[in-house]
Amino acid sequence: MVQQACIEPGQVRKEAAIKTSACVYHFIYMKEKIVKNHEYYMRLALKEAEKARMIDEVPVGAVIVQDGKVIARAHNLKEKNKQAYAHAEFLAIQKASKKLGTWCLDDCDLYVTLEPCMMCTGAIILSRVRNLYYGTKDPKGGAVDSLIQIKQISHLNHHPAVVSEILQPECSRILTDFFREKRKRPKRDPASFRKSAMLKETADTENKNDQNT
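The rules behind the values
- Residues numbered from 1 in each chain as written.
- Predicted model: local features only at pLDDT ≥ 70, side-chain atom pairs only at ≥ 80, totals over all residues.
- Heavy atoms only, no water.
- Pairing = 2+ DSSP bridges.
- Helix = DSSP H or I, 4+ residues; strand = E, 2+ residues; numbered from the N terminus.
- Axes fitted to C-alpha atoms, helices over the stretch in contact; angles between N-to-C directions.
- Buried < 20%, exposed > 50% of the residue type's maximum accessible area, 1.4 Å probe, protein only.
- Polar contact = N/O pair within 3.5 Å; in protein donor to acceptor, adjacent residues only side chain to side chain.
- Contact = heavy atoms within 4.5 Å.
- Core = buried A, V, L, I, M, F, W, Y, C linked by side-chain atoms within 4.5 Å.
- Phe/Tyr/Trp six-rings, centres within 6.5 Å; stacked < 30°, edge-to-face > 60°.
- Salt bridge = Lys/Arg side-chain N within 4 Å of Asp/Glu carboxyl O.
- Parallel < 35°, antiparallel > 145°, perpendicular 65-115°, else oblique.
- Left-handed = near helix turned anticlockwise from the far one by under 90°.
- Nonpolar A, V, L, I, M, F, W, Y, C, P; charged D, E, K, R; others polar.

Draft legend 1. Region of the structure containing the sheet that holds strand E5 (residues 161-163). In space, the five strands of this open sheet follow the order E2-E1-E3-E4-E5, with mixed pairing throughout. What marks the edges here is a single partner per strand, and that holds for strand E2 (69-75) and E5. Along the sheet, successive strands turn relative to each other by an average axial angle of 15 degrees, direction set aside. Sheet topology note: the strand E1 (residues 61-66)/E2 ladder contains six bridges and is antiparallel.

Draft legend 2. Examining unusual backbone geometry more closely. A positive phi angle is found at Glu165, which is not glycine, with a value near 60 degrees. Assessed through its relative accessible area of 48%, Glu165 is described here as partly exposed. Here the phi dihedral of Leu167 falls at roughly 50 degrees; this positive angle occurs in a residue that is not glycine. In this fold, Leu167 is placed in the loop between E5 and helix H5 (168-184).

Draft legend 3. Up close: the side chain of Thr136. With respect to the helices, strands and loops of the structure, Thr136 is situated in strand E4 (residues 131-136). Classification of Thr136 by relative accessible area gives buried; the value is 6%. In terms of polar contacts, Thr136 uses its side chain to reach the side chain of Gln168, at 3.0 Å. Leave out the neighbours within four places in its chain, and Thr136 touches Thr113, Leu114, Glu115, Gln168, Cys171, Ser172 and Leu175.

Draft legend 4. Spatial organisation of the nonpolar core. Grouped together as the largest cluster of nonpolar side chains are 43 residues, with contacts concentrated most on Met42, Ile64 and Leu132. Where this core is concerned, the elements lending two or more residues are helix H1 (9-54), E1, E2, helix H3 (88-100), strand E3 (108-114), helix H4 (118-126), E4 and H5. Discounting residues that sit within four places of it in the chain, Met42 has contacts with Tyr111, Val112, Thr113, Tyr133, Tyr134, Gly135, Ile166, Leu167 and Cys171.

Draft legend 5. Quick look at the pairing of E2. Most of E2 is tucked away: five of the seven residues are buried. Linking two consecutive strands that pair antiparallel, namely E1 and E2, is a turn of two residues; a positive phi of about 55 degrees is found at Asp67 within it.

Draft legend 6. Just the environment of Leu105, in detail. As for its position among the elements, Leu105 is in the loop between H3 and E3. Since its relative accessible area comes to 0%, Leu105 is described here as buried. Spatially, the C-alpha atom of Leu105 lies 5.6 Å from that of Ser127, the residues being 22 residues apart in sequence.

Draft legend 7. The packing of aromatic side chains, seen in detail. One pass over the structure, following the stated rule, counts five aromatic pairs. Pairwise contacts between aromatic rings join Tyr40, Tyr41, Tyr111 and Tyr133 into one cluster.

Draft legend 8. Main features of the pattern of salt bridges. The full count for this structure, using the stated rule, is eight salt bridges. A salt bridge links Arg43 to Glu170; its shortest N-O distance comes to 3.9 Å. Of this pair, Arg43 sits in helix H1 while Glu170 sits in helix H5; the two residues are 127 residues apart in sequence, bridging distant segments of the chain. With relative accessibility at 40%, the residue Arg43 sits in the partly exposed group. The shortest N-O distance in the salt bridge between Lys184 and Glu181 comes to 3.4 Å. Note that Lys184 and Glu181 are positioned in helix H5 at a spacing of three residues, about one turn of the helix. When its relative accessible area of 62% is taken as the criterion, Lys184 is described as exposed.

Draft legend 9. Structural context of the pairing of E3. Most of E3 sits out of view: seven of its seven residues are buried. Here E3 runs beside E4; their pairing, made up of five bridges, is parallel. Of the residues in E4, the one forming a bridge with Val112 is Tyr134.

Draft legend 10. Local environment of the packing of H3 against H4. Axis separation between H3 and H4 bottoms out at 9 Å; the angle between their running directions is 25 degrees. Considered as vectors, H3 and H4 are oriented roughly parallel to each other. The handedness of the crossing between H3 and H4 comes out as left-handed. Residues Glu89, Phe90 and Ile93 of H3 touch H4, and the partners they reach there are Met119, Cys120, Ala123 and Ile124. Residue composition of the contact of H3 with H4, by class: six nonpolar, no polar and one charged.

Structural data, given as structure tokens:
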């Protein structure tokens, strides 16, 4: 005759509690790990933003990640390159596409310190970036959640998953400090932009002529 083991009700509840605790612990551990990964990549983007600040560009930085590996880094270069589109996200997308040999970045994630503008949001959508992670909102020019909510535009053929406010205080602070210092300086004459561009073009032409002679 086989004797059946007697399991007390208290023991069943204890084992159930242990299993539940283990599941909760695993969930919390994985969530913290994911958050730390996001913060790690955003800190890399912040390093790019600091590079921009050092050359008196608006301090915004971006990195693109594929399979846990950073494949592109960039920061604002609008003033240096004399190009309105030289935003961190746009330049990072260009670098990633060149590296991968394709315009389609559907297995890539973009981390940027500031909510993208209309131009960069368009580039993100057109390049099929999988996930967009940004640091702080841009109430004056943000085209993801602030001025425009891309999730509400149903006719778009691609919508990246969006997570915002990663390291928000740090991402906001570097911009606030930059513009606070900027306001203390004399305002730049808009004509100086054209003048400096003309001088550069003249110098380039003279250098080219010297090389040909």
